[in-house]
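# What the coordinates show
Chain by chain, the residues:
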Amino acid sequence: MKTTQAPAPRPYRSYVYAYPHKTAYRELTDPPELAALWAGEPKDALSLYAHVPFCEVRCGFCNLFTRIGAPGELTARYLDALDRQATAVREALGDAEPVRFATAAFGGGTPTFLTAGELERLCDIAERRMGADLRAVPLSVETSPATATADRLAVLAERGATRLSIGVQSFVEAEARAAVRPQRRADVEAALGRIRDTGVPVLNIDLIYGIDGQTEESWRRSLDAALAWRPEELYLYPLYVRPLTGLGRTPPEDDREWDGRRLRLYRYGRDHLLERGYEQVSMRMFRRRDAVPSGPDDHACQTDGMIGLGCGARSYTSALHYSFDYAVDMREIRSIIDAYTETGDFSRARVGRWVDAGEARRRHLLQSLLQAEGMPVAGYEERFGSSPFADFPGELARFEALGWLDGEAPAGLLRLSPEGLAHSDGLGPELFSPGVRAAMAAYEPK
């Protein structure tokens, strides 16, 4: 009897930037104490992430945990809570063994929504409360054209920022309007000039493809406008239309046609950058070949040891991934932020998902495989004592049948083909466990 192979997954199912996704997190029964969670965990190369959940506008495609504006003294109250949380977390890490941070990042939202003085305080919290030496480790900070002011950028440069990432999305004003991102190109160019004036060594520019009305020609105009600044990094993101976002209020185009258009624009953008001196690090990330890496690459957090500060940040131990409640709807986000600013006790993890050995294997494979350089099989075997081909025979066999694995990769290296890399957002969810899929499916968006 002839068997029929299942159709290939759609190319744009989900951007897998972390596993398990926060929609698989749940309120924890008997919330564990942070001190117990971190006891025995390696603490000599931790990552620190501080989340600032404020933006001047909310783009139509955005489903990040952020709110528009900060009335009254909300940013001050938020930093007060961040200070309390940092104090509690650092106490939980203890002093029985050295605590060292190897990387740091401020994200959001838009960290540069904060004033220059508030950014100073944010850096003080990272350094004085957590003990991170921001001038000695890679420090990445996200910004926007409207908030990349000279005084804010000067603070970040002086405090040790090594990478500034700006969300431009499109240099074509009509496309920016279609994505519900009001901005003038002149303002974008001025912000880029101010960033370059800081001397911060790595500039990253985010661009989006798949916007309504975008063509190869207009996509090239955005790419070339970005390339004129010789950014050390470029991220090319496919547009998604998600529930509870501005664009999510309008009916999406025919999905299959849109899939094909996004794939064409992706390939055009990829080839355009490869021909102009960039190397591909992941489906989204491209690095100028003569640029020095500024820290861990996209998706490269196969190990644990992440400390997240702020109500939208994740923290990772080897056994538990935890955060605070998650929402997309603006009213729900405002409520969660208000509750965070009123919290006095940050000594326990209250929302998260336990990660067993099987999930750790999936996470390592998924996050390694989504890197263009691939995954050394020996490293996986050394960590888990088993082979990925034995642990995931069905998934890897299917990827091979679809032509998504690189048959010419060196021996001992599991690597995606160019077509596999192009389908990262379809391939990644195929590696989700049944339990995580069920939890994500049961999540009620709010």
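It should be noted that the structure appears before, not after, this text.
Notes on the structure in this doc start here. (Residues numbered from 1 in each chain as written. Predicted model: local features only at pLDDT ≥ 70, side-chain atom pairs only at ≥ 80, totals over all residues. Heavy atoms only, no water.)

### Points about the nonpolar core
It is characteristic of soluble globular proteins that their nonpolar side chains tend to be buried jointly. Counting residues in each nonpolar core, the largest one holds 84 residues, and the members touching the most others are Leu207 and Ile307. For this core, the element with the most residues is helix α2 (residues 74-93), which contributes ten residues. Judged by nonpolar contacts, the second largest core, of 26 residues, contains Ala24, Tyr380, Phe384 and Leu414. (Core = buried A, V, L, I, M, F, W, Y, C linked by side-chain atoms within 4.5 Å. Buried < 20%, exposed > 50% of the residue type's maximum accessible area, 1.4 Å probe, protein only. Helix = DSSP H or I, 4+ residues; strand = E, 2+ residues; numbered from the N terminus.)

### Side note on the packing of helix α4 (residues 150-158) against helix α6 (residues 185-198)
Two numbers describe how α4 lies on α6: the axes approach to 10 Å, and their chain directions differ by 30°. The pairing of α4 with α6 is recorded here as roughly parallel in orientation. As α4 runs across α6, the sense of the crossing is right-handed. Contact residues: α4 offers Ala150, Leu153 and Ala157, while α6 offers Arg194, Ile195 and Thr198. (Axes fitted to C-alpha atoms, helices over the stretch in contact; angles between N-to-C directions. Parallel < 35°, antiparallel > 145°, perpendicular 65-115°, else oblique. Left-handed = near helix turned anticlockwise from the far one by under 90°. Contact = heavy atoms within 4.5 Å.)

### A look at unusual backbone geometry
Between tyrosine 19 and the following residue, proline 20, the backbone shows a cis peptide bond with an omega angle of -5°. Residue glycine 109 is bonded to the preceding glycine 108 through a cis peptide linkage, with omega at 15°. Looking at the secondary structure, you find glycine 109 in the loop between β5 (101-108) and α3 (116-129). Although it is not a glycine, aspartate 30 adopts a positive phi angle of roughly 50°. Mapped onto the elements, aspartate 30 comes out in the loop between β1 (26-27) and α1 (34-38).

### What about the pairing of strand β7 (residues 163-169)?
Along any regular strand the residues' side chains alternate between the sheet's two faces. In terms of residue burial, β7 counts as a mostly covered element, since seven of its seven residues are buried. Side chains of β7 alternate between two faces, with Arg163, Ser165, Gly167 and Gln169 and Leu164, Ile166 and Val168 buried alike. Pairing geometry for strand β6 (residues 139-143) and β7, over four bridges, is parallel. Bridge assignment links serine 140 to a residue of β7, and that residue is arginine 163. Assessed by its sense of winding, the connection that carries the chain from β6 through α4 to β7 is right-handed. Where β7 lies against strand β8 (residues 202-209), six bridges are found, and the strand directions are parallel. If you follow arginine 163 over to β8, its bridge partner there is valine 202. (Pairing = 2+ DSSP bridges. Right-handed = clockwise from strand over helix to strand, strands pointing away.)

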